[in-house]
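Geometric and topological summary
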Amino acid sequence: MRKPLLAAVLVLAVPALAESEPKPLPNTTILELKMGFYQPRVGDSPGATSDAYVQTFGNSAMLIGEFEVDRSFYHGYGYLGIGFSIAYGEKYAKALLADGTPSGESTGLMVLPMRLMAVYRYDVLAHVFHIPFVPYAELGFVSYPWWTNKGGSVEIVDGSKGSGVRWGWGFTLGLALEMDFLNPTYAREAREDAGIYHFYLFGEFNDDFANNFGAKGINLGAAYFTFGLAFEF
Amino acid sequence: MRPLLAALLLVPAVAFGQTLTLKVNGSTSTITGTGSTTTSTYAKNAASCNNTVAGNWVGTSLTTACTTLQVWLTVDTCGSAPSTTNTPADVVVYTAQVGAVAAGLTTDSFSFFFSALPGFGALTDGGTSASCGDAADFTDLLCAAVTLKDNTGACTSSAISASPVNMRYDNILPDPPVVTVTPLDSKLSVRLTASGSGSAVTDIQSFQLQYAAEPTDGGTPSYAPYGGVISVNNPNVTIPNLVNGENYLVVGYSVDEATNVSGPTTPAVVGQPVLTYGFYANYLNDGGQPAGCGAVGGGAPSALAFLSVLLLGVARRRG
């Protein structure tokens, strides 16, 4: 089964690759709106004997919303550029009494993840072979401003304020579905009238290591999936 | 069709645009033509017995007046003129002569003692007539009306009347509110709810709150007010800066439309602030270490600035 499929792919791909290098494409900007569920690895923080996130909020991830903008500086055999994203997520639960039962007071964790990433999108499949999938990868720095809340204000424990910024690195692996094929006429009009080259639906896997590169303090890194909508112009 | 048109032409009609408005110490009531609008309420308790109630009327296009313009108090409905049959009798507090109104008088002021409300005459107090100062709750109406000529110049039109102002005397204390206390960390969250049902609840305009540390020696608690005037629409108050593990007594007071203040909630509700553990406390208690980094107030901008510098650097390198 695999051999005929491989042969078919080769038959289709090799002549096209042999024809010439893909034509240089204009540098473009991609805007993404995405959402996902994020659960930090608090239990992996240095010195932590258990996971305070799970202890407080249960084994329930927080919903995050994220906005990303990418800009290419090379657009030929793929899309190579730089991207910046900013997200926000929060999770609330009841603060606990000494015996571990919920109190009448709320506590929360808020994060504002920011990422500065090198972006590579293999859009040759779509542009050369008209296969509407664009796999992509991102790698770069992450910054996680965070703060806690108890009873309506930032939680302070023995003079230690529950807020700060965690740094680190992260990567993303994703797959985007170029939606032009659904309505080629509309896609052409959007390109000609609004300058929007492509619309995408995408899903991606992210892994951030927001632990100040192993320094002491809370570990807000997480592996999580996000899904969203993007358009390239 | 023709008979209908003829009938319409023959029906005397008050000219459009004629209005009569009553204003009493900030309470406004307006009526246009023969329509009706919302009625406002002027509510006071016994503290106002000797007070003068000041007001004024404002009219437009009343130059075709046929009758005097009168303002009066009644225990019944207003109608187009003071009643001669009501018991207790209606009390006329103002009269504008026909000539004055017809000559273009558009507004004038009036006043009366609050104790002049005829409703006091309807009260009985152990077989004798009651007076302002007794525990009672009734509502009289302040009315105003004038009859105008119709389009043919005849005085057959209906009167136009101002929408009445409710004149309420309420000298009955409301019930104290229900106080619900939720212990928080060094704080108590207090919720005040009007007790009773129906008008007993809707009559409550605000709450007041007092609290005191419970004396350990059984002495008299020293209550202090907190929260000022607490709206019924936002009846949640948090008392801060308390000591965890100590008992505090909390009482509430209801304030009604006539500014009567209830007695305190009895018995006082006891609340004890308690230490709670938020996410960050749980993290530290689990062995987590403080980050040692600045608060987010400075951290977020610095992180953004750092990333912006990186972005600019990359962009310049491209250029």
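Residues numbered from 1 in each chain as written. Chains lettered and ligands numbered in written order. Predicted model: local features only at pLDDT ≥ 70, side-chain atom pairs only at ≥ 80, totals over all residues. Heavy atoms only, no water.

**So, the interface of chain A and chain B**
Selection rule: The contact rule is simple, with two residues in contact once any of their heavy atoms fall within 4.5 Å. Buried area: the accessible area, evaluated with a 1.4 Å probe, that two parts lose upon being put together, summed over both parts. Whenever Lys or Arg places a side-chain nitrogen within 4 Å of a carboxyl oxygen from Asp or Glu, that contact is recorded as a salt bridge. Starting at the N terminus, helices and strands are each numbered in turn, a helix being any DSSP run of H or I of at least four residues and a strand any DSSP run of E of at least two. Note on residue categories: nonpolar means Ala, Val, Leu, Ile, Met, Phe, Trp, Tyr, Cys or Pro, charged means Asp, Glu, Lys or Arg, and polar means any other residue, Gly included.
The partner chain B presents 36 residues to the 52 residues of chain A that form the contact. Of the roughly 3500 Å² buried between chain A and chain B, counting both surfaces, carbon and sulfur atoms make up 68%. By the criterion of area lost to chain B, the three top residues of chain A are Glu-105, Leu-116 and Trp-167 of chain A, representing 13% of everything that side buries. As a salt-bridge pair, Lys-150 of chain A and Asp-185 of chain B come within 2.4 Å of each other at their nearest N and O atoms. Elements represented by at least two residues in the side of chain A that touches chain B include exactly helix H2 (52-57), strand S2 (62-76), strand S3 (78-96), strand S4 (102-111), strand S5 (114-121), strand S6 (133-150), strand S8 (160-161) and strand S9 (163-178) of chain A. Sort the elements by how many residues they give to the side of chain A that touches chain B and S6 of chain A lands first, with seven residues. In the side of chain A that touches chain B, the residues fall into 25 nonpolar, 19 polar and eight charged.

**A few points about the packing of aromatic side chains**
Filter applied, for reference: When two rings of Phe, Tyr or Trp (its six-membered ring) have centres within 6.5 Å they constitute a pair, described as stacked for plane angles under 30 degrees, edge-to-face for angles over 60, and tilted for the intermediate range.
In this structure the tally under the stated criterion is 24 aromatic pairs over all chains. The interplanar angle of 25° and the centroid separation of 6.2 Å between the aromatic rings of Tyr-186 of chain A and Phe-199 of chain A together place this pair among those described as stacked. On the criterion of sequence distance, the pair formed by Tyr-186 of chain A in helix H4 (residues 184-194) and Phe-199 of chain A in strand S10 (residues 198-209) is long-range, its members being 13 residues apart. On the basis of an interplanar angle of 40° and a centroid distance of 5.5 Å, the ring pair of Phe-138 of chain B and Tyr-169 of chain B is categorised as tilted. With a gap of 31 residues between them, Phe-138 of chain B in strand S10 (residues 137-147) and Tyr-169 of chain B in strand S12 (residues 165-170) connect regions that are remote in the sequence.

**Digging into the pattern of salt bridges**
Side chains carrying opposite charge are able to pair once their charged atoms draw close together. How we decide: We call a residue buried when its accessible area falls under 20% of the maximum for its residue type, exposed when it is over 50%, and partly exposed in between, using a 1.4 Å probe and counting protein chains only.
In this structure the tally under the stated criterion is 13 salt bridges over all chains. Of the charged contacts in the structure, one is a salt bridge between Arg-115 of chain A and Asp-208 of chain A, with a shortest N-O distance of 2.7 Å. On the criterion of sequence distance, the pair formed by Arg-115 of chain A in strand S5 and Asp-208 of chain A in strand S10 is long-range, its members being 93 residues apart. When its relative accessible area of 1% is taken as the criterion, Arg-115 of chain A is described as buried. For Arg-168 of chain B, the salt bridge is made with Asp-203 of chain B, and the minimal N-O distance between the two is 2.9 Å. One end of the pair, Arg-168 of chain B, is in strand S12; the other, Asp-203 of chain B, is in the loop between helix H3 (199-202) and strand S15 (204-213), and 35 residues separate them in sequence.

**So, the pairing of S4 of chain A**
Residue and element names in this part refer to chain A. The condition is simple: One requirement defines pairing of two strands: DSSP has to find at least two bridges between them.
Among the 10 residues that make up S4, seven are buried, leaving the element largely enclosed by the rest of the structure. Between the end of S3 and the start of S4, which pair antiparallel, lie five residues, with Gly-100 showing a positive phi angle near 90°. Alignment of S4 against S6, held across five bridges, turns out to be antiparallel. Bridge pairing in S6 places Val-111 opposite Trp-146.

**Observations regarding the sheet that holds strand S18 (residues 236-239) of chain B**
All names here are of chain B. The test is simple: To define axes, lines are fitted to C-alpha atoms, for helices over the stretch in contact only, and angles between the resulting N-to-C directions are given on a 0 to 180 degree scale.
Read across the open sheet, the three strands follow the order S13-S14-S18; overall the sheet is antiparallel. The open sheet has two edge strands, strand S13 (178-184) and S18, and neither has a second partner. Ignoring which end each strand starts from, the neighbouring axes of this sheet average 20° apart.

**Thoughts on a nonpolar patch on the surface**
All names here are of chain A. Heads up, the condition is: Residues forming no salt bridge and having over 30% relative accessible area are the ones grouped into patches, like charges within 9 Å of each other and nonpolar side chains (Val, Leu, Ile, Met, Phe, Trp, Tyr) within 5 Å. Computed with the Shrake-Rupley method and a 1.4 Å probe, the accessible areas treat only the protein chains shown as cover for residues.
A contiguous nonpolar patch, built from Phe-73, Tyr-74, Tyr-77 and Leu-80 and spanning about 340 Å² of accessible area, is present on the exposed surface. Looking at where Leu-80 falls in the secondary structure, it is placed in strand S3. For Leu-80, a relative accessible area of 32% puts it in the partly exposed group.

**Section: the confidence of the model for chain B**
Let me state the cut-off plainly: You can read pLDDT as the predictor saying how much it trusts each residue, on a scale of 0 to 100.
Taken as a whole, chain B shows an average pLDDT of 81; of its residues, 79% reach a score of 70 or greater. For residues 294-300 of chain B, every residue scores under 50 in pLDDT, and the model assigns this stretch 15 contacts once sequence neighbours within four places are set aside.

**A closer look at the state of the cysteines**
Residues and elements named next belong to chain B. The cut-off we apply is this: Two cysteine sulfur atoms make up a disulfide if the distance between them is within 2.5 Å.
According to the stated counting rule, one finds three disulfides over all chains in the structure shown. Linked covalently through their sulfurs, Cys-49 and Cys-132 form a disulfide whose S-S length is 1.8 Å. One quick way to see it: the torsion about the S-S bond of Cys-49 and Cys-132 is about -90°, and its sign makes the bridge left-handed. Of this pair, Cys-49 sits in the loop between strand S3 (41-44) and strand S4 (52-60) while Cys-132 is found in the loop between strand S9 (128-129) and S10, placing the two residues 83 residues apart along the sequence. Cys-132 shares its class with Cys-49; the two are buried. One disulfide bridge connects Cys-78 with Cys-143, the sulfur atoms lying 2.0 Å from each other. Taking the sign of the torsion about the S-S bond as the criterion, the disulfide between Cys-78 and Cys-143, at about -80°, is left-handed.

**Looking at the side chain of Ser-160 of chain A**
Mapped onto the secondary structure, Ser-160 of chain A falls in strand S8. The class for Ser-160 of chain A is buried, based on a relative accessible area of 15%.

**Notes on the nonpolar core**
Residues and elements named next belong to chain B. Note the following rule: The criterion is simple. A nonpolar core is a set of buried Ala, Val, Leu, Ile, Met, Phe, Trp, Tyr and Cys residues joined through side-chain atoms within 4.5 Å.
If you look at the biggest cluster of nonpolar residues, it comprises 34 residues, and the most contacted ones within it are Trp-57, Leu-69, Val-71, Phe-110, Leu-142 and Met-167. Of all the secondary-structure elements, those providing two or more residues to this core are strand S1 (19-24), S4, strand S5 (69-74), strand S6 (91-96), strand S7 (107-113), S10 and S12. Residue contributions to this core peak at four residues, all from S10. Every residue in contact with Met-167, bar those within four places of it in the chain, is listed here: Tyr-42, Val-53, Leu-73, Phe-112, Phe-114, Leu-117, Phe-138, Thr-139, Asp-140 and Leu-142.

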